[in-house]
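For reference, the chains in residue letters:
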Amino acid sequence: MAQLSGVAIPGLGQAAPTAASSAPAVAASVAVHELQANSEWRFEVAIGRSIEVKVLSGTAELFGTELALNHTYTFRGTKAAIFTWHGCRIEVTGACEEYTAEETPMVLYVNTHFALEKLRDDASKGKGESPRVLVVGPTNAGKTSLVKLLTAYAIRMGRQPMVINTDSREGLLSIPGSLTATPFASIIDVEQGWGSSPTSGPSPVPVKLPLCYYYGLPSPEDNTRLFKPVLTRMALAATSRLSDDQAIKDSGMIIDTPGVVSQGKGGYDLISHIVSEFSVNIILVLGSERLHSDMLRRFSGYRTTTGETITLVKLDKSGGCVDRDDEFMRQTREAAIREYFFGDPKRTLSPHTQQVNFDDATIYKIREANPMLASFLPGGEEDTELELYEKVEPSSMILNCILAVMYAALNDSQETIRDATVMGFVYVAEVDEKKRRMKILAPLNTRITDRPMIWGSWPEATMSLIG
Amino acid sequence: MADSHSSRLAYGSPSDEVAEDYRKALEDLTMNSRYEISNLTVIAKENTEHALAISEALKNHIKQTSPAKKLPAFYVLDSVVKNVGTPYTLFFGRQLYSTFMEAYALVDNNVRRKMDEMLKTWKEPVPGSIDTRPVFPPEVTRPIENALIKARTSAVQAHQEHLRSQQQLMGRGRPIASPAPYRNTPTPPGALRPQTQVPPGYASGYSQQQFPPPANGQQYSNQMNGHQQYGLPQQPPSQHYSQPSGSASSWQQPQMMGYRAPENSIDTLNSDIANLITASKAEFAQNPWDSSIQTRLKALLDLQTILSSQKLPPDQIALIKDQVAQLSEASQPQPRIQTPPAHPPPPAPVAAAPPPAQQPSLSSILGSGALAALLARQSATPQPTPPAQSVAPVRSPPQTRAQPSYNPLAPPASSSTPVPDPNSLLEKLRAAGMLPAVPAVPAATSTPPLPIGSLVGSVPPGFPPPFINTPPNATRTPLADVPNDVVLKPASLKIPRPHLISNLYERLGSPCTQCGRRFQSDDEGRKKKTAHMDWHFRVHQRMTEAEKRGQHRSWYVDELDWIKSREVEEDQNTSAADIAGGPGAAGSVTANEPKLQYLAVPDDPALANSICPICQEKFEMKWLDDAQEFVWMDARKIGDRIYHASCYAEATKDGGNSQVKRGTPEPILGKRKAEVSGIENRRL
Ligand SMILES: [Zn+2]
Ligand SMILES: [Zn+2]
C-alpha cells in the first residue's frame, strides 16, 4: 500500500499542471479489471490528473474503507490501492500507472485489526485497557496507510477510534506543520485523503473534527524543545477526551509517527516520549527488523502509567509502498494548503482576503534549534536560554508563508501560545513594505489581529495561491 | 462525480433539463430502494409542470434499461401514479400497454409476479384515498390483463413440455409431477421458493401485495421457471443456473457458471450416494428413533435430488464428494448404544412438539447456507421431486430458524469424531468464497417466507441476496460472538481467517448504495439506513444551494470545546420514518419529537466566548449535521446577547414554560418536512 496524498485544485496557481476535466473525456480509456480474491490493484495518478473508478461487482476496499458498488469514485494526484477479499470487477476510466498484486500483507493487517477488536471488547468489559497503538517504521513504509486501514476497519465495526498525527511533514485533516488529534466515527472519504474538517456548508462525506496544534517544522528533531511540549499538550487533551467519552475510550487510539523518529537514537527518545505521554500499550513496527529489535530492547519491561506492559509486534511492509519523491511531496503539501482554503473538487470554498497593517499583527517566528547544539545535547535539554519564538515585524520575508492563528490572547506568555490550539491558518498573499501592510488570505472573514500568530518554516513558502 | 445529478434537480429548470436529471437518477436505481423511489416520487410531485417530460423519461427508461432494473423503475411509476396521480396517470396511461408488456416479456417470473400484483392494484382505488376511481381506468388495464392471460396459457404448455424433457433427461422414470414429498412435510410448496429469487421489497405499503404461494404445485413450478419468455414458444429445457438478467450480476457468477463436472465423476458420486442411502435406510430400519440417521438420510436424499437435477461446478462437486466420503466413513459399522426413547416420535408429520434441540437439522448436515445455495441453483430448473416412496417422514426441525443464524466455526473435526462436522462443507464453501459467512434463513425449512419488509433495501446489486441477512439485534456486532483467537503475535497474525472477514462485510448488514457504509437489516438498522439515505439526499440538495451562497472552511474548535464535543449516534432523533413513507404517508415520527432550539456558533470569536447572562454558563456546543455547522444547543439570541433558551424562558415566562424548548423558530434548514427533524449527527 502506498500513502495517499492531497488534491490539486486545477486552475489555482501555476503549480498545478493542466487541469484534468472532472467529466471523463469522450475518448478516455476505459478498462475493466478482474481482481481475484485477496489481490490488490495499485495505482498512481499524477498530480493534476484524475481517474474514475467504479466497482462493478464483488467487494472492494480502499485502505480499509469499503467502496460502494456502481458508484463512481474520482481519484486525483494520488498513489493508492484497492484491495478485495472476495474478488471484484472494477472499471477504470482515465490513465494511470497501475498493476495488480497478489502478494499483500493484508492478512497480517486484518488480523491485527481483529486482535485490537478483541482488546476493545475486553476493555469494555472491564478487562484491561483499550488499545493505544503506536505505528512506527521508516519513511515510506506505509505507516499512514496502516493507520488509515486500522481506523477504517474500526469505524466499520462501529468503533470511534481517535487518530493522532505526530508527523508534521504531512497534515491530517489539516495542513503540514500541524499535529492533530481526531476522533473518527464516520466513514473516511476515500477520494480525499482523510476527508475534510468542518466547513460552513454541507459535506458529501461527513466532516471530521480535528483538534489542531502547530509545530511548524518538518521534523520533530528540528526543535525537540518545541515538539515535546506541544505533543504533551496534545496527549493531555486527547486523554481528557478519552476519559469522559466512552465510545472513544473503548475504541482507543491509533498514533501515526514521522519516519524520521525510527531512524536512530534521537528519534528513539521521541518515540519514548510519545509512548509515555499517550500511555501507548501496543507498538506496531512496520518493515524494519532492526527497528523491531531496537524497540524490543527499549521497551521490554517497560510499564505504562496504568501498569501495562507494551506489546510489540513487527508487521511486513506492503509491496505497494512506493517512495514518494520530494517533488511529489512538495506538490502534495501545496495541494493540502489549497484544499484548506479553496476546498476540493466536490466542494468549492471561498476564502476571504483582508488588509492587515504591520502594526496590528502579532507574529511569533519559530526559532529553529541550533543544529550544532542539538547534536551535542540530549533531547529535551537543549539550550534553554533562548526563547521559543521571536516576535517579528512583517517583512517581505513573510510573503507566501502560512501563519497559524492561535487560540490565545495577545499578551499571553510564549508557553501559553505554544500550548494553545490552532484556530485556523492564514496565508500571506502580498506584502507592501512601504505602506507597511499585507494582504492576508483567511478561510473566513473575521478579525484575526486580536490573536497571536505563529510563523513556522513548515510548510515552506508556497508560490502564489491566488493569482 | 456520480452524485452531482441529484443536486441539480433544482426547481424551475427547463423541462428537458429536469427530464435529463430524472433519467440519470433512474439510471442509478438498481434495486427497490425505498429511499430512491421516494425521492423520485417527490421530485415528480414537485415538478408537475414537467410531468410530461418526466413521464417520458421514465417510460423510456423502463424500455431501455436492463431487465434487472425494470422492476424498480416500475415501482417508481407505481409510486408516482398512486401518490401524485394526475397528470402522471394520464401520461403513463397512454402507452401503458406497451410499456408494461414489453418489459413483461423480458423479465423473470418473480418480477412478473410483482408486475401482476402491481397491475392488480392499478385496477383499484389508491388505498386510503377518498378518490374511489381506480388508479388507471379499465380501458388501460384490461388489454394488459387479457394479454397476460394468453401468455400464461402458453407458458403452462411450455412448462409441461419442459417437464417431459426433464424427465427423459433424468431417465429415471420417476413420477415427476407429484408434489408428495413436500406435502409430507410441514413445508408449504411456497416456502420452497428460494429467497434468492425474491427481489427485495419496496415500500412497506407493498407488503400487503405480496403473493400467496400459488395454489397448486404445478403452477408454482411454472412460475419458478425463469426461462420462459412471454409470448415465445417454449424454450429448450435448461439445466443450468439461470443467470439473472442485467449487468448487476453477482460476483459469484464467474465461479458458479459454465463449469461442468466430468460426467463420470458425477456418476461415481451418484453411486456413492445411492450406496449411502441404501446403507442409511437399513440403519434407519434398525434404529427408527435415531434422529441422526434420519437426518443423514434426508440430507442424502436431498443431495441426490440436487445432483440429479442440475449441473454443479466441479469445485462444488469436489466439496460434496468430500462430504460424502466423510459420511461414508462415518456410516461404517460403529457401535451404537441404543436407548429407546420414552416416546417414539410421531410417525406422521402432524404438528408435533419440536424435536429436541440437539437434533441436527437437515441443513446443518450440509451447512444451512450450503443447502440454500444448492437449492437456489435448483430453482433455475423446474423442481423435480425427490423420490417420494423412499422418504421416511422426516420433519425439518422448526428451531432451525431460532438457532443463531451464524454458526461459529465449528471445532475442527477430529478423526475420533464419528459424525463429520456438519459445518465443514459450509465452511469450505465460505473459504472458497462461494458463500459469505452468514447463512440466511434456510430456504428449505418450514420457515415462512421472510416478511418482505425485512429485506427492504438490504440486498445490494451484485450480491447473492439471501446470504447477507445478518443476525437481528446486533447493532455493533460484538466480536465475542465470533471465535476470534487473534493475538498480537507473529504466528497468530499470519493465519488467514476468512470467517472473520465477514465481520467487515455480511455481518455488518447491507451497504448504502452511495457510500458503502453497511447497515444491519433489523428494525433499528433499517431505520438508521433510511435516516442515512435521507441525509445523503439532503446533503446533495443543500450542496447546490451552498455552492451558490458560497461557503468557507470553519475555524478549528478550541481545546475545551473539542474535549466536550461528542460524535453522537444518530438514533437520538431521526427523520427516518418521515421520508421513508414517501409523500402522502401519514405517520410522522418527528412531529412528536420536541424540536430543539439552537443557534449557529458565532464565527466572531468575541461572541464565540459569550456566556449565558442569566446562569453565567457557557453553551453546549454540538455539531448539527442538518445545518452542517456547530451549534449551541438551547441557545437563543435576544438582541445582541445570547441566552439559554430555557433560562430566558424561565426568566421571562414568555408564553409558557417548556413550550419554548419545543417551539423552534422557523426551520433554518429548508422546506422539506424531513429536514426539520432536529439533531442528527456526524455518524451518518
Ligand atoms: Zn451512505
Ligand atoms: Zn443560562
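In this numbering scheme, every chain counts its residues from 1 along its sequence in written order. Chain letters and ligand numbers both follow the written order, the letters beginning at A and the numbers at 1. Local features in a predicted model are, by the rule used here, given only for residues with pLDDT of at least 70; side-chain atom pairs are given and counted only at 80 or more, and totals for whole chains, interfaces and linings are based on all residues. Here the side-chain values reflect all heavy atoms present in the structure, with hydrogen atoms and water set aside.

Per an unreviewed UniProt entry, chain B goes by CID domain-containing protein and derives from Amorphotheca resinae ATCC 22711. UniProt positions are given in the numbering used here, feature names are shortened, and annotations may be inferred rather than shown by experiment. Per UniProt, chain B carries the Subunit (unreviewed entry) text "Component of the ESCRT-0 complex composed of HSE1 and VPS27."

Chain A is annotated in an unreviewed UniProt entry as Polynucleotide 5'-hydroxyl-kinase GRC3 of Amorphotheca resinae ATCC 22711. In its Subcellular location (unreviewed entry) section, the UniProt entry covering chain A states "Nucleus". Regarding chain A, the UniProt comment filed under Sequence similarities (unreviewed entry) reads as follows: "Belongs to the Clp1 family. Clp1 subfamily."

Novice: Mind showing me how you'd approach the overall build of chain B here?
Specialist: Strands here mean DSSP runs of E at least two residues long; helices mean DSSP runs of H or I at least four residues long; both are numbered from the N terminus. From N to C terminus, chain B includes 27 helices and 7 strands. Relative to its full complement of 684 residues, chain B shows a buried share of 55%. Any two residues whose heavy atoms approach within 4.5 Å are treated as being in contact. Within chain B, contacts between residues at least 6 apart in sequence are counted, and of these 74% link residues at least 24 apart. Total accessible area on chain B stands at roughly 28,900 Å², and carbon and sulfur atoms take up 56% of it. The buried label goes to any residue with under 20% of its type's maximum accessible area, the exposed label to any with over 50%, and the partly exposed label to all in between, with areas taken from a 1.4 Å probe on protein chains only. Note on areas: Shrake-Rupley with a 1.4 Å probe; residue coverage comes only from the protein chains shown.

Novice: Honestly, the coordination of the zinc ion (ligand 1) in this entry has me stumped. Any pointers?
Specialist: Angles at a metal have ideal values that depend on geometry: 109.5 degrees with four tetrahedral donors, 90 or 180 degrees with six octahedral donors. Around the zinc ion (ligand 1), the protein supplies Cys 512 of chain B (SG), Cys 515 of chain B (SG), His 532 of chain B (NE2) and His 536 of chain B (NE2) as donor atoms, at distances of 1.9 to 2.3 Å. Around the zinc ion (ligand 1) sit 4 donor atoms; with metal-centred angles ranging over 100 to 115°, the donor geometry is tetrahedral. For Na, K and Ca the donor cut-off is 3.2 Å, and for all other metals it is 2.8 Å, counting N, O and S atoms only; because water is absent from this set, sites may look incomplete. Square planar and octahedral assignments, for four and six donors respectively, both demand that opposite donors be over 155 degrees apart and that all other angles lie between 65 and 115; tetrahedral needs four donors with all angles between 85 and 135 degrees, and anything else is irregular.

Novice: I would appreciate a short explanation of the packing of helix α2 (residues 15-27) of chain B against helix α3 (residues 34-46) of chain B in the present structure.
Specialist: Two packed helices can be described by the angle between their axes and the distance between those axes. Residue and element names in this part refer to chain B. Their axes nearest at 11 Å, the elements α2 and α3 cross at an angle of 170°. Accordingly, the angle class assigned to the pair α2 and α3 is roughly antiparallel. Here Tyr 22, Ala 25 and Leu 26 of α2 lie close against α3, whose contacting residues are Leu 40, Thr 41, Ile 43 and Ala 44. We call Asp, Glu, Lys and Arg charged. Ala, Val, Leu, Ile, Met, Phe, Trp, Tyr, Cys and Pro are nonpolar, and the rest, Gly among them, are polar. Looking at the contact of α2 with α3, its residues break down into 6 nonpolar, 1 polar and no charged. All axes here are fitted lines through C-alpha atoms, helices being fitted over the stretch that makes contact, and every angle between N-to-C directions spans 0 to 180 degrees. An angle below 35 degrees is read as roughly parallel, one above 145 as roughly antiparallel, one from 65 to 115 as roughly perpendicular, and any other as oblique.

Novice: How should I be thinking about the nonpolar core in this particular structure?
Specialist: What tends to happen in soluble globular proteins is that the nonpolar side chains get buried as a cluster. Among buried residues, those of type Ala, Val, Leu, Ile, Met, Phe, Trp, Tyr and Cys that are joined through side-chain atoms within 4.5 Å constitute a nonpolar core. Ranked by internal contacts, the top residues of the largest apolar core, which has 77 residues, are Phe 278, Ile 283 and Phe 425 of chain A. Considering each element in turn, this core owes the most residues, 9 residues, to helix α3 (residues 224-244) of chain A. Ranked by size, the runner-up nonpolar core spans 42 residues in total, among them Ala 25, Leu 71, Tyr 88 and Phe 92 of chain B.

Novice: I tried to follow the interface of chain B and chain A on my own but got confused; where do I start?
Specialist: By convention, interface size is frequently given as the accessible area that disappears when the constituent parts associate. Each partner contributes to the interface: chain B provides 71 residues, whereas chain A provides 95 residues. Taken together, the two surfaces of chain B and chain A that pack against each other cover about 7,600 Å², and 59% of this comes from carbon and sulfur. Of all residues in chain B, the largest losses of buried area upon contact with chain A belong to Arg 553, Trp 555 and Tyr 556 of chain B, amounting jointly to 14% of the total for that side. The salt bridge criterion pairs a side-chain nitrogen of Lys or Arg with a carboxyl oxygen of Asp or Glu, the two atoms within 4 Å. Among the salt bridges present, the one from Asp 244 of chain A reaches Arg 566 of chain B, with a minimum N-O distance of 2.9 Å. In the analysis that follows, any N or O atom pair within 3.5 Å is treated as a polar contact, provided that within protein one partner can donate a hydrogen and the other can accept it, and provided that, for residues neighboring in sequence, both atoms belong to side chains. Inspection of the chain B/chain A interface yields 31 residue pairs in polar contact (both at pLDDT 80 or more). The dominant element in the side of chain B that touches chain A, judged by the number of residues it contributes, is helix α21 (residues 523-549) of chain B, at 8 residues. In this description, buried area is defined as the sum, over both parts, of the accessible area (probe of 1.4 Å) that is lost when the two are combined.

Novice: Mind showing me how you'd approach the pairing of strand β11 (residues 211-214) of chain A here?
Specialist: Within a regular beta strand, the side chains point alternately toward one face of the sheet and then the other, so they alternate between its two faces. All names here are of chain A. Neither face of β11 is exposed, since Leu 211 and Tyr 213 on one face and Cys 212 and Tyr 214 on the opposite face are all buried. Pairing analysis gives 4 bridges linking strand β10 (residues 178-183) to β11, with the strands arranged antiparallel. Residue pairing across strands places Leu 179 opposite Tyr 213, the latter belonging to β11. Between any two strands, pairing holds if DSSP finds at least two bridges.

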